[in-house]
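# Coordinate analysis (summary)
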Amino acid sequence: MSRVGRVERTTGETGVLVEIDLDGTGEAEISTGVGFFDHMLHQLAKHGLFDLTVKTEGDLHIDGHHTVEDTSLALGAAFREALGTKAGLRRFADARVPLDETLAEVVVDLSGRPYLVHEMPAGLAPMIGDFDTELTRHIFESFVAQSQICLHIRVPYGRIAHHVVEAQFKALARALREACTADPRVSGIPSTKGVL
């Protein structure tokens, strides 16, 4: 069964195309115009073993906000589409990823209900290249809103903004990869409700 999602999103601020294959090899073709965000999406693909194509054209003459937001919304919608009914999946997963002085912890539930808890150290550098560090939480808010998953991200310590954000994406990739994996002991939908 193919687990592929494809979403095109066009607004007065952006045009976005996202394609994701949950059973890929980590190949990625990413172009949003926001360099660090591209780097993070590459991390998601590589460590999640998702094949990912993202092509975004946005109003970068204003700033990166709309580009990052709309790309994250489209990514969440494509991810939800690729999951299908979620029959036979593990559903829950967690990952802890260190990156030098930083540790990121991620727990995910493919619940069908969007919810985000996000904690990371205060006082980080405001910019990473052309990426506004305060957009980090907004990426996950947007992704969760459309993917309809429950996502808890916690960075208990870290000092370098690049590491703090990157560790979150790597941990998210590993947790999603695990949650999306088939469990041979699971029959049908992994919920007493019968639907996720």
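Residues numbered from 1 in each chain as written. Predicted model: local features only at pLDDT ≥ 70, side-chain atom pairs only at ≥ 80, totals over all residues. Heavy atoms only, no water.

### Section: the sheet that holds strand β6 (residues 102-109)
In plain terms, the rule: When DSSP finds at least two bridges between two strands, those strands are taken to pair. In this text, helices come from DSSP runs of H or I with a minimum length of four residues, and strands from runs of E with a minimum of two, each type numbered from the N-terminal end. Axes, fitted as lines to C-alpha atoms, cover a helix only where it is in contact. Angles between the N-to-C directions of the axes lie from 0 to 180 degrees. The contact rule is simple, with two residues in contact once any of their heavy atoms fall within 4.5 Å.
Taken in spatial order, the four strands make up an open sheet running β5-β6-β10-β7, and their pairing is mixed. Of all strands in the sheet, those with a lone pairing partner are β5 (92-99) and β7 (115-119), marking the two edges. With strand direction ignored, the average angle separating the axes of adjacent strands in the sheet is 10 degrees. Across five bridges, the pairing between β7 and strand β10 (residues 150-157) is parallel. Opposite Glu-119, over in β10, you have Arg-154 as the bridge partner. Of the strands in this sheet, β7 and β10 touch helix α3 (residues 135-147), which is tilted by about 165 degrees from β7. Across the sheet, helix α4 (residues 161-179) touches β5, β6, β7 and β10, and the angle it forms with β5 is around 150 degrees.

### Observations regarding the packing of aromatic side chains
Where two aromatic rings form a pair, the distance of their centres and the angle of their planes describe that pair. Here is the rule: Pairing of aromatic rings covers Phe, Tyr and the six-membered ring of Trp, with a centre-to-centre limit of 6.5 Å; geometry is then stacked below 30 degrees between planes, edge-to-face above 60, and tilted otherwise. Here the term buried applies to any residue with accessible area under 20% of the maximum for its type, exposed to any over 50%, and partly exposed to those in between, with areas from a 1.4 Å probe on protein chains only.
This structure, assessed with the given rule, holds four aromatic pairs. With a centroid separation of 5.2 Å and an interplanar angle of 50 degrees, the aromatic rings of Phe-36 and Phe-131 are classed as tilted. Here Phe-36 is found in helix α1 (residues 35-48), whereas its partner Phe-131 is found in strand β9 (residues 131-132), with 95 residues between them in sequence. As far as the burial class goes, Phe-36 and Phe-131 line up, both buried. An aromatic cluster is built from Phe-50, Phe-79 and Phe-143, whose rings are joined through pairwise contacts.

Fair warning: the whole summary comes from geometry, so function is off the table for now.
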